[in-house]
Amino acid sequence: MKRSIFIIIVFVLSGLILVQARNIYSVKEKPQTIKSPANKISIAHKEVFGSLEYGRVIFEHQKHIDSLSKVLKKSDSSICSECHSQNKYGDFIFDFPKDVDRKNPESLKNAYHKECLKCHQKLNIQKQKSGPTILSCRDCHKKDYEKTEIKYSVFEFDFALHDKHVKKHNKDCSLCHHIYDVEEKNKELALFYEKGTEQSCHYCHDLNQKRGPELSKIVKIAKERDLNMERACHTLCLNCHLSNKEQGKQAGPVVCSKCHTEKYKTVEDLKDIPRPEREQPQKAFINIEDAKMKGVAFDHSFHEKNNKTCRECHHETLRACKDCHTVKGDEKGGFVNLLTAYHSLNSKNSCQGCHRTAMNKNDCYGCHYFISPVTTEIANKEVCKRCHTGKKEIEKVSLLTIPSERVKKAVVIKHIEKEFEATKMPHYKMIQKLTDVSNQSKLATYFHRDITTICRGCHHKSKQDAEAKKDNPPICVSCHSVSFDSNALGRPRLESAYHTMCIKCHENMKLEKPKKCTECHERKKN
């Protein structure tokens, strides 16, 4: 008896171990994503159904439009009413099936099955070409699609497209822009257009962003109506395009793949495109009442031209920063005060945060990788007054030039030669390259006022004010000892310092050479 119990226990434990091992070591199969779905639509509604018993349906949307247009002899634009309902203004609501409780799994499932089959059977009775009239689950929920996802690329309504729409519609902004008055009791009147309030759709319809107290009231209503970016843009843009098409006018795309092209314009592509007009200043003087620092002259038009959207800075509204962020900070600005709003290194919307991102570009990162970013806590007056000039006019800054008489053409490094010969470093050529990079950037030019700024990329820890002789920073061996120094455990030895600094700089700047030791050092001959 005892032997039997023992065998059963061993058997159960072995089973549990095998199951656990399978869970640990088995690799979860990743779904296959179709990135160019050719106007197909994935039907899964996981937010309603959760995990699907038979997997998703990949629906041939364009194929159905083409077939129905041919059979019913209707235009592509008017065929939408066969599957989609319209509101009282005649705009299509691109939901399917029509008029169903979309939060009830059973209702939604039944409506799908009923609507699809009903249409197929109706066409079949009329002796028209139709889809299958008797379906098994696997006719639509195909086994092959269980691990398949459809992903359309993000569509960017860039400044070029905006400008195109502005010109086409004679600057009638009311066709697209609107605001919502949360205080209006008559909800029919709450949504309206008011000139001068045009803003990005993202502010109210990007439901994934955390918003401030004022905007969050509108976002809450957008959430209740399920008006996320996808639904809001499809409703507005597609209905306008379809309407134009129906009237025989020139119309924008109505097919998924015509907008979701995965092609995006760069800042350079958009540099000559006019920015939206909101009576914004070309230049501004940021001078805050009760602030302790001098005002800042700000070139607004330059920053417009160097960003792909206004939201890079205006993250929640197109109003000035000080309208939400006060000197001391309050609820309206999420208790983020003006100092942080302008200087936070961790915010992509702040001045310093954005400039820090620019420093991470290949050309700049070679030097800035080794230079700690300047924060308001450690900045000195020389740094602060770069921006806080107190003058309304933006300072004119000259391009950097290299004083050839003060810069060595080449530097021979022979402190650590062992199996390799000394290295001859093209010192002047390197400074010339970095100076060219700086001069090609307006941002870098503004902050790199002196050629010694370029020197700090390598001579990184020295304090200029403390140097005994002007323009003569310490060389590497002044700080990094050749051999082990027990008094400087946190400081790399000279060989490590050279290799870390040089190789990392080349890596960060994505330079092709050198990749081999002998491209810097010639091997010593016996």
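Residues numbered from 1 in each chain as written. Predicted model: local features only at pLDDT ≥ 70, side-chain atom pairs only at ≥ 80, totals over all residues. Heavy atoms only, no water.

A few words on the overall build of the chain. In terms of helices and strands, the chain carries 21 helices and 12 strands. Against the 2.2 N^0.38 benchmark of 24 Å for 526 residues, the chain shows a C-alpha radius of gyration of 32 Å, more extended than a compact globule. Counting only C-alpha atoms, the chain reaches 95 × 85 × 50 Å along its principal axes. Each of the 526 residues in the chain was classed as buried or not, and the buried ones make up 24%. (Helix = DSSP H or I, 4+ residues; strand = E, 2+ residues; numbered from the N terminus. Rg over C-alpha atoms; globule rule 2.2 N^0.38 Å. Buried < 20%, exposed > 50% of the residue type's maximum accessible area, 1.4 Å probe, protein only.)

Within the largest apolar cluster, 11 residues are counted, these being C367, L400, I402, V407, Y428, I431, L434, I451, I454, C505 and M509. For this core, the secondary structure elements donating two or more residues are helix 17 (427-439) and helix 19 (451-455). Sorting elements by how many residues they give to this core places helix 17 first, with 3 residues. Those residues in contact with I402, other than ones at most four positions away along the chain, are V407, Y428, I431, Q432, T435 and I451. (Core = buried A, V, L, I, M, F, W, Y, C linked by side-chain atoms within 4.5 Å. Contact = heavy atoms within 4.5 Å.)

As a further point, take the environment of V267. Mapped onto the elements of the fold, V267 is located in the loop between helix 11 (256-259) and strand 9 (283-286). Remark: the alpha-carbon pair of V267 and E224, spanning 43 residues in sequence, is separated by 36 Å. Apart from the residues lying within four places of it in its own chain, the contact partners of V267 are K305, N306, N307 and K308.

Side-chain pairs of opposite charge can arise whenever the charged atoms involved come near each other. In the structure shown here, the tally under the stated rule is 25 salt bridges. With its nearest N and O atoms 2.8 Å apart, the salt bridge here joins R231 to D95. One end of the pair, R231, is in helix 10 (residues 229-246); the other, D95, is in the loop between strand 5 (92-93) and helix 4 (105-125), with 136 residues separating them in the sequence. Between E156 and K308 there is a salt bridge; the shortest N-O distance is 3.0 Å. Separated by 152 residues along the polypeptide, E156 in the loop between strand 6 (148-150) and helix 6 (159-168) and K308 in the loop between helix 12 (300-305) and helix 13 (338-343) bring together distant segments of the chain. By sharing partners, the salt bridges in this structure join D95, D226 and R231 into a single network. (Salt bridge = Lys/Arg side-chain N within 4 Å of Asp/Glu carboxyl O.)

Right, let's talk about the environment of P105 for a bit. Relative to the elements of secondary structure, P105 occurs in helix 4. A residue is classified by how much of its surface remains accessible, and P105, at 36% relative accessible area, is partly exposed. Taking the C-alpha atoms as reference points, P105 and M501, separated by 396 residues in sequence, lie 61 Å from one another. Residues within four places of P105 in sequence aside, it is in contact with V48 and F49.

In this model helix 4 runs 30 Å from its N-terminal to its C-terminal C-alpha over 21 residues, within 8% of the 30 Å that 1.5 Å per residue would give. If you check which residues of helix 4 are buried, you get L108, A111, Y112, H120 and L123. Each buried residue of helix 4 sits inside an arc of 140° when the element is viewed along its axis, so together they form one side. Facing away from the buried side of helix 4 by over 90 degrees, the exposed positions are K114 and I125. (Expected span 1.5 Å × (residues − 1). Arc of directions from axis to C-beta.)

With that settled, the discussion passes to a positive patch on the surface. A cluster of basic side chains, namely K63, K70, K129 and K142, defines a positive patch on the protein surface. Here K142 shows up in the loop between helix 5 (137-140) and strand 6. A relative accessible area of 37% places K142 in the partly exposed class. (Patch = residues over 30% accessible without salt bridge, like charges linked within 9 Å, V, L, I, M, F, W, Y side chains within 5 Å. Areas by Shrake-Rupley, 256 points an atom, 1.4 Å probe, with all protein chains shown as cover. Lys, Arg positive; Asp, Glu negative; His and termini not counted. Charge placed at Lys NZ, Arg CZ, Asp CG, Glu CD.)

Right, let's get into the packing of aromatic side chains. Centre distance and the angle of the planes are the two values used to describe a pair of aromatic rings. Within the structure shown, the criterion is met by 5 aromatic pairs. Look at Y365 and Y369: their rings are 5.5 Å apart centre to centre, the planes differ by 85°, and that puts the pair in the edge-to-face class. The class of Y369 is partly exposed, set by a relative accessible area of 37%. On the numbers, 5.4 Å between centres and 80° between planes, the contact of Y446 with F447 is edge-to-face. By the ring-pair criterion, three or more aromatic residues cluster together here, those being Y365, Y369 and F370. Sitting over the face of the ring of Y428, K409 holds its NZ or CZ atom 4.1 Å from the ring centroid. If you follow R449 out to its NZ or CZ, it ends over the ring of Y446, 4.6 Å from the centre. (Phe/Tyr/Trp six-rings, centres within 6.5 Å; stacked < 30°, edge-to-face > 60°. Lys NZ or Arg CZ within 6 Å of the ring centre and 35° of its normal.)

Relative to the helices and strands, T445 resides in helix 18 (residues 442-447). The exposure class of T445 is buried, given its relative accessible area of 9%. Among all residues touching T445, those that are not within four sequence positions of it are V397, S398, L399, S438 and N439.

Next up on the list: the state of the cysteines. Overall, the coordinates contain 0 disulfides when judged by the stated rule. No disulfide involves C387; its sulfur sits 7.4 Å from the nearest other cysteine sulfur, which is in C351. Classification of C387 by relative accessible area gives partly exposed; the value is 29%. The structure places no disulfide on C476, whose sulfur is separated from the nearest cysteine sulfur, that of C458, by 7.3 Å. Residue classification places C476 among the partly exposed residues on the basis of a relative accessible area of 30%. (Disulfide = S-S within 2.5 Å.)

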